Amino acid sequence: MSFLEVSDLRVEFPTSDGLVKAVDGVTFTVERGETLAIVGESGSGKTVTNLALMGLLSKRGSRISGSAIMKGDAGNLELIDLADEQMRKIRGKNIAMIFQDPMSSLHPYYTIGDQIIEAHQVHNEVDIEVSTARAIELLEMVGIPDAANRLKAFPHQFSGGMRQRVMIAMALVNSPELLIADEPTTALDVTVQAQILKLLRELQSELKMAIILITHDLGVVAGAADRVNVMYAGKIVESAPVGELYANPLMPYTHGLLASIPRMDRGHGKRLSAIAGQPPSLIALPAGCAFAPRCNFTERVGGGPDRCKSTMPALTEHTPGHFARCHLEGAAL
Amino acid sequence: MINYLARRIAISIAILFAVSFAVYLIFAILPFDPAALTCGKSCNDPGIIEANRKRLGYDLPIWTQYVVFLKGLFLGRTFGEGAATIFCPAPSFGYSFQEHACVTNSILEALPVTLSLAIGALVLWLILGVGLGIVAARYRGRAADTGSTIFVLIGTSLPTFLTGLLLLVFVVVKWRILPYPSGNYTPLFENPLEWLNTMILPWITLAFAYAALYTRFVRNAVIETLSEDFIRTARAKGLSEKVVLRKHTLRAALAPLTTMAGLDFAGLLGGAILTEAVFNLPGLGRLSLGAVVDFDLPIIVATTILAATIVIFMNLLVDVLYAFIDPRVRVAA
């Protein structure tokens, strides 16, 4: 059994316009020491999936069903219907999270020392000195020079990349088994992005933790992940080891995403390709494939565009470990 | 910080000089003869008028008058000569012929009344407004929130003179819980119970109006802060809702309240004219109102300069306090 097994996870938000199906039957597994990337554009359900795992969605505003079993140090835990207090004890200890915008994710009024020490104190009944030493250790680990003195600094005295390092230090202070990184590099300069991803990679091999890396940027995924889940309109549409996905995308949406990455070797004067159209409304999803209205390949499907529009393709394994949700036969792309 | 403070204080003093001069110009600009005003509206004995003109220095050019006025502020001032000499010690704001007293004395008599009124009301409305605002935000959309909305609506719609009169009608006239306002003021240290009896209804009257504004402000500020990224971080650390609210949310949400409370308080110290009138309190508001009605120019000049001083001082105090609350301000300063 895998470290984390998510099966048929559904998250729905009742709104005055109708039921928003943000996550629509998502199934995946993550192993210890593995990085799973979840890729998709805004509104594809990638962040909501992980907020559900963290128990950070409001119970009053959302309906969550399905299962997410974490086989960790705390035993087998069903994360989806854990009591609030139990979930709170796991958050920050067994599962930690880092966020997109390190500028706004740290509290502006407290020193970074206060914030890291607080994260340690809440889960460990130890003296403040022990937590302080741990905070210094973590800051050194994430590559912040002069860590002992920097504890007294406020977030606004750090650059964006340094703040994200502080966030990572804070997330790792209790040696979590699972780290959820929600767009950890999106708000950073490109050179800093690479540093942060490299750091995450190094820390992972040191601490043997599982990482779920949420991003909309397939460029980030290439060097940072082992396996990729592509999400579209609340569903996983393709899942493959990272090399396989780049070499051989099976789903037209993945193909479109890959084609839209700017590349140096594509030659001068060529326009960057884009996927036409908009993602569908999550309230009135079409009966068939949600991507069909934007898809250029429906003519090539056996049964034609009508089949794409009327029947939802199943997530099927085309080659070992490579799943795709598409009526097209594999090699057709 | 010291540099910043010194600069701010220097600017404040410059502003005060400008304000005092502008206010002093009413002696020159208004179409009244200040000397004629000193002997009452129906007085037209040229002998008395001319004598007073000389005694009070109104025969001098306006510039000289202003300099004499400034000198009086620091050194005290002697009016007249011989047997009819009146000396007003520093800080002397002049002599009022309506009150037959040094202006400073009239103000020193009225100031404790207004201070009692403003401080008591401030404490009351801060407790009520902040408390209700937090509860409304915490239980947003539920009964407590609806209740607070109704309170806000009533509080902001009822003018203070109406609230004051209603309180008088019920508490004093119908239920006879408190005695009629006597028009006198008993200092706190002379008879605390009597003081409380005099002040409690004016406090409630003022606090009711302000508490409504503060409830609305605090509710919105807390709700807005709860949606900040750093609050999500606090939750992701596994902090309990109590800690998230008390430590992480309130400090950030209530910081702007310092500005609001400081300026509202300063405004009240200038005289809560309506409330003082309704409850017959001999405070600064009543003093200024009387002075305006009787064209008691020295008092008008003094109360205006006093009000400006209070506003400028409170602004300074708020800025300094803010630096303690928000580390980002500290560094910028």
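### Some details on empty space enclosed by the protein
Link 1 in the chain: For the structure shown, the criterion picks out five cavities of 30 Å³ or more.
Link 2 in the chain: Volume-wise, the largest cavity comes out at about 110 Å³.
Link 3 in the chain: Along the walls of the largest cavity sit 13 residues, with Tyr24, Phe27, Tyr58, Arg77 and Gly94 of chain B positioned nearest its centre.
Link 4 in the chain: For the lining of the largest cavity, the elements supplying multiple residues, two or more each, are helix H5 (62–75) and strand S1 (77–79) of chain B.
Link 5 in the chain: Residue composition of the lining of the largest cavity, by class: nine nonpolar, three polar and one charged.
Link 6 in the chain: Here the second largest cavity defines a volume of roughly 100 Å³.
Link 7 in the chain: Around the second largest cavity, the lining is made up of 13 residues, and of these Met97, Met170 and Ala171 of chain A together with Ala236 and Lys237 of chain B lie nearest the centre.
Link 8 in the chain: Where the lining of the second largest cavity is concerned, the elements lending two or more residues are strand S6 (95–98) and helix H7 (160–172) of chain A together with helix H10 (229–236) of chain B.
Link 9 in the chain: It is H7 of chain A that contributes the most residues to the lining of the second largest cavity, three residues altogether.

### Points about the state of the cysteines
Link 1 in the chain: Considering all chains together, one arrives at one disulfide over all chains under this definition.
Link 2 in the chain: Cys88 of chain B shares a disulfide with Cys102 of chain B; S-S distance 1.9 Å. Looking along the S-S bond of the Cys88 of chain B-Cys102 of chain B disulfide, the torsion reads about -90°, which is the left-handed sense. Here Cys88 of chain B is found in strand S2 (residues 86–88), whereas its partner Cys102 of chain B is found in strand S4 (residues 101–102), with 14 residues between them in sequence. Comparing Cys88 of chain B with Cys102 of chain B, the two get one shared label, buried.
Link 3 in the chain: For Cys289 of chain A, which is in no disulfide, the shortest distance to another cysteine sulfur is to Cys308 of chain A and amounts to 6.3 Å.
Link 4 in the chain: You can call Cys289 of chain A buried: its relative accessible area is 12%.
Link 5 in the chain: With no disulfide of its own, Cys308 of chain A has Cys295 of chain A as its nearest cysteine by sulfur position, at a separation of 6.2 Å.

### Overview of a nonpolar patch on the surface
Residues and elements named next belong to chain B.
Link 1 in the chain: On the surface, a nonpolar cluster with roughly 830 Å² of combined accessible area is contributed by Phe161, Leu162, Leu165, Leu166, Val169, Phe170, Trp175, Ile177 and Leu274.
Link 2 in the chain: Per-element accounting of the nonpolar patch gives the leading share, six residues, to helix H8 (residues 160–174).
Link 3 in the chain: Its place among the elements puts Phe170 in helix H8.

### Observations regarding the environment of Thr27 of chain A
All names here are of chain A.
Link 1 in the chain: Relative to the helices and strands, Thr27 resides in strand S2 (residues 18–30).
Link 2 in the chain: For Thr27, a relative accessible area of 47% puts it in the partly exposed group.
Link 3 in the chain: Residues Thr27 and Ser7, 20 residues apart in the sequence, show an inter-C-alpha distance of 4.1 Å.
Link 4 in the chain: Thr27 has contacts with Val6, Ser7, Asp8 and Ile236, leaving out every residue within four places of it along the chain.
Link 5 in the chain: Engagement of the side chain of Thr27 in a polar contact is seen with the backbone nitrogen of Asp8, the distance being 2.9 Å.

### Considerations on the layout of surface pockets
Link 1 in the chain: In this structure, the largest pocket occupies an estimated 1,300 Å³ of space.
Link 2 in the chain: Lining the largest pocket are 35 residues, and of these Leu57, Ser58 and Lys59 of chain A together with Arg235 and Glu241 of chain B lie nearest its centre.
Link 3 in the chain: For the lining of the largest pocket, the secondary structure elements donating two or more residues are helix H1 (46–54), strand S4 (63–72) and helix H2 (84–90) of chain A together with helix H6 (103–138), helix H9 (192–226), H10 and helix H11 (241–269) of chain B.
Link 4 in the chain: Looking at the lining of the largest pocket, the element that brings in the most residues is H2 of chain A, giving four residues.

### Looking at the pairing of strand S8 (residues 210–215) of chain A
Residues and elements named next belong to chain A.
Link 1 in the chain: Of all six residues in S8, six are buried, a share of seventy percent or more.
Link 2 in the chain: Both faces of S8 are covered, namely the face carrying Ala210, Ile212 and Ile214 and the face carrying Ile211, Leu213 and Thr215.
Link 3 in the chain: In this structure, strand S3 (residues 35–39) lies alongside S8, joined through five bridges in parallel fashion. From the neighbouring strand, Ile38 faces S8, where its bridge partner is Ile214.
Link 4 in the chain: Summarising the sheet, strand S7 (residues 178–182) and S8 pair through five bridges and their orientation is parallel. Paired with Ala181 across the two strands is Leu213, which belongs to S8.
Link 5 in the chain: At this point the chain moves from S7, through helix H8 (residues 190–207), to the parallel S8, and the crossover so formed is right-handed.

Here is what the cut-offs are and how they apply
- Residues numbered from 1 in each chain as written.
- Chains lettered and ligands numbered in written order.
- Predicted model: local features only at pLDDT ≥ 70, side-chain atom pairs only at ≥ 80, totals over all residues.
- Heavy atoms only, no water.
- 1 Å grid on protein atoms, 1.4 Å probe; cavity = no way out; pocket = protein on both sides within 12 Å on 5 of 7 lines; lining within 4 Å.
- Points joined across faces, edges and corners; volume = space filled by probe spheres on them.
- Helix = DSSP H or I, 4+ residues; strand = E, 2+ residues; numbered from the N terminus.
- Nonpolar A, V, L, I, M, F, W, Y, C, P; charged D, E, K, R; others polar.
- Disulfide = S-S within 2.5 Å.
- Buried < 20%, exposed > 50% of the residue type's maximum accessible area, 1.4 Å probe, protein only.
- Patch = residues over 30% accessible without salt bridge, like charges linked within 9 Å, V, L, I, M, F, W, Y side chains within 5 Å.
- Areas by Shrake-Rupley, 256 points an atom, 1.4 Å probe, with all protein chains shown as cover.
- Salt bridge = Lys/Arg side-chain N within 4 Å of Asp/Glu carboxyl O.
- Contact = heavy atoms within 4.5 Å.
- Polar contact = N/O pair within 3.5 Å; in protein donor to acceptor, adjacent residues only side chain to side chain.
- Pairing = 2+ DSSP bridges.
- Right-handed = clockwise from strand over helix to strand, strands pointing away.

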